[in-house]
Amino acid sequence: MSNQICKKKLSAVHAIYEWLLCLYIIIIPIINTLNSISILGYGIHIWIILLLLLTTLIINIIDTAGSKSRIGYPLVVLAIFSLEIILQRVRGEVFEIGLLLSVFLYIAFLKIPQQVSVKKIYLSFYISVIIAAICSIFLGLSFGEVSRTATKVDGSISIIAALIIFFGEESFNKTSTYEFFKKVAMGACFVVIAFGMSRSRLLILITLIFIKLLLMVKKIIATGRIKVIGLISFPIFVIILVVISQFEVTKNLFDAFLSRFENGLQSLGRTDEIEVGIQFFVDNPIFGVGWGELLFVDYQNYLSNYYNHCMYIAILARGGIIMAITFLISLCSIVKKAVKQKNLFCLIALLIFFALAYGNAGIFNYTICGMFIPLILNLRMKKTSITTKLDKFEVLNENCKKDFSIN
């Protein structure tokens, strides 16, 4: 009786956890747009993250059998990070809550249960990028001219959504509603990229499209078949682009985007911040300078916050060589798992993560950190799929033996 009650409680917590994950995915890319909404002085996203961390802890306490996982060595990262927090507290230093939550989220997502619906997660990313596109249009045109929306809408959501659309494993029933959101989300990705005017994200999106086309051509050559929808979709896409390019807004948007390529991919502010981060590490190589607010004099001679734009340097600067080695081991564990499974989605996701981590603010930008949700689920899904097939084979083999013995 007590076992049934425990299962019911676990099922209820799983349901809450799943909806919190979906809400997190949908709301995180536009939190700067919703910064006026707060509860007890904290943004709504902070409370969602805290509830996610709490439910993750509860699930791992109740479901001890299902929580065992070596992917990313979450407990090792948690132990080292907790040690650094304690040492910083002993020194009487304050913390920056956003940094703490981002690292704790990374640890929590490594422990994501395989019971989570992959379909719901994919749909959440589609809805998220569609909402982000609507916000981008509204904000980008609200001042009577085209303006950049990168500070209000996190354009990384477009890359993650495109990754799922092109390479996500869909071993579930795809309804017409799912397919509708998937198609609309693809268009939304281009809108978010356009108004965000991020050069690196545009190049990543183009690379994803190129890889997808190569895989489609490879499949056509291997099978000798081509889908009609695939044959007509390209010219339709070109026609739509030509029509859209005729609008005055599109022309202004294109000109504004093009002007950002005048200096290539160089960014003076970020380059300056990287140099400061390296100096922080040199001054404090073992445990770093800590997880609080840091100030430095930027290239314009202003006193600015250190925003951790490069993850690699930021981890060295804040956590020192101890934390850097821990994260390296964790990420290498995930890469090893993806390579072993030959999981294309996870391998591409990791490459994108490593690329975005070079230039985005935050140790783990909240949106980019969300990429680990489908990534870890795909790793677990592959494992579950293989296990299920082996189980079915063993059952079939046993039945065959029985039939043979009867005859």
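Scroll up for the structure.
Everything quoted here is computed from the prediction, not taken from an experiment.

Another aspect to go through is the pattern of salt bridges. Side chains bearing opposite charge may pair, as long as their charged atoms lie close to each other. For the structure shown, the criterion picks out 6 salt bridges. Across the pair Asp-154 and Arg-201 runs a salt bridge, and its minimum N-O distance is 3.6 Å. With Asp-154 in the loop between helix H5 (118-140) and helix H6 (156-167) and Arg-201 in helix H8 (residues 199-223), this pair connects stretches of sequence that are 47 residues apart. Taking relative accessible area as the criterion, Asp-154 reaches 13% and is therefore assigned buried. Notably, a salt bridge pairs Lys-182 with Glu-170, separated by 2.9 Å at the nearest N-O pair. In this pair, Lys-182 sits in helix H7 (residues 176-196) while Glu-170 sits in the loop between H6 and H7, placing the two residues 12 residues apart along the sequence. An identical accessibility class is assigned to Lys-182 and Glu-170; each is buried. Counted as one network, the salt bridges with shared partners bring together Glu-170, Lys-174 and Lys-182.

Quick look at the packing of H5 against H6 now. The axes of two packed helices give the description: the angle between them and the distance between them. Where H5 meets H6, the closest approach of the two axes is 9 Å, and the angle between their N-to-C directions is 140°. In terms of axis orientation, H5 runs oblique to H6. Our pair here, H5 against H6, has a crossing hand that is left-handed. Where H5 abuts H6, its residues Tyr-122, Phe-125, Tyr-126, Ser-128, Val-129 and Ala-132 lie against Ile-157, Ser-158, Ile-160, Ala-161, Ile-164 and Ile-165. Counted by class, the contact of H5 with H6 contains 10 nonpolar, 2 polar and no charged residues.

About the criteria used
- Here the residue numbering is sequential within each chain, running from 1 through the sequence in written order.
- This being a predicted model, a pLDDT of at least 70 is required before a residue's local features are given, and a value of 80 or more before pairs of side-chain atoms are given or counted; all residues contribute to the totals for chains, interfaces and linings.
- With hydrogens and water excluded, all non-hydrogen atoms of the structure serve as input to the side-chain values.
- We count a salt bridge whenever a side-chain nitrogen from Lys or Arg sits within 4 Å of a carboxyl oxygen from Asp or Glu.
- Helix and strand assignments come from DSSP, with helices taken as H or I runs of at least 4 residues and strands as E runs of at least 2, each series counted from the N terminus.
- The buried label goes to any residue with under 20% of its type's maximum accessible area, the exposed label to any with over 50%, and the partly exposed label to all in between, with areas taken from a 1.4 Å probe on protein chains only.
- Note on geometry: axes are C-alpha line fits, over the in-contact stretch for helices, and angles between N-to-C directions span 0 to 180 degrees.
- Small angles under 35 degrees read as roughly parallel and large ones over 145 as roughly antiparallel, with 65 to 115 read as roughly perpendicular and the rest as oblique.
- Take the far helix as the reference: if the near one is turned anticlockwise from it by less than a right angle, the crossing is left-handed, and if turned clockwise, right-handed.
- Residues count as neighbours in contact if any of their non-hydrogen atoms are within 4.5 Å of one another.
- Throughout this entry, Asp, Glu, Lys and Arg are counted as charged residues, while Ala, Val, Leu, Ile, Met, Phe, Trp, Tyr, Cys and Pro are counted as nonpolar. The remaining residues, Gly among them, count as polar.

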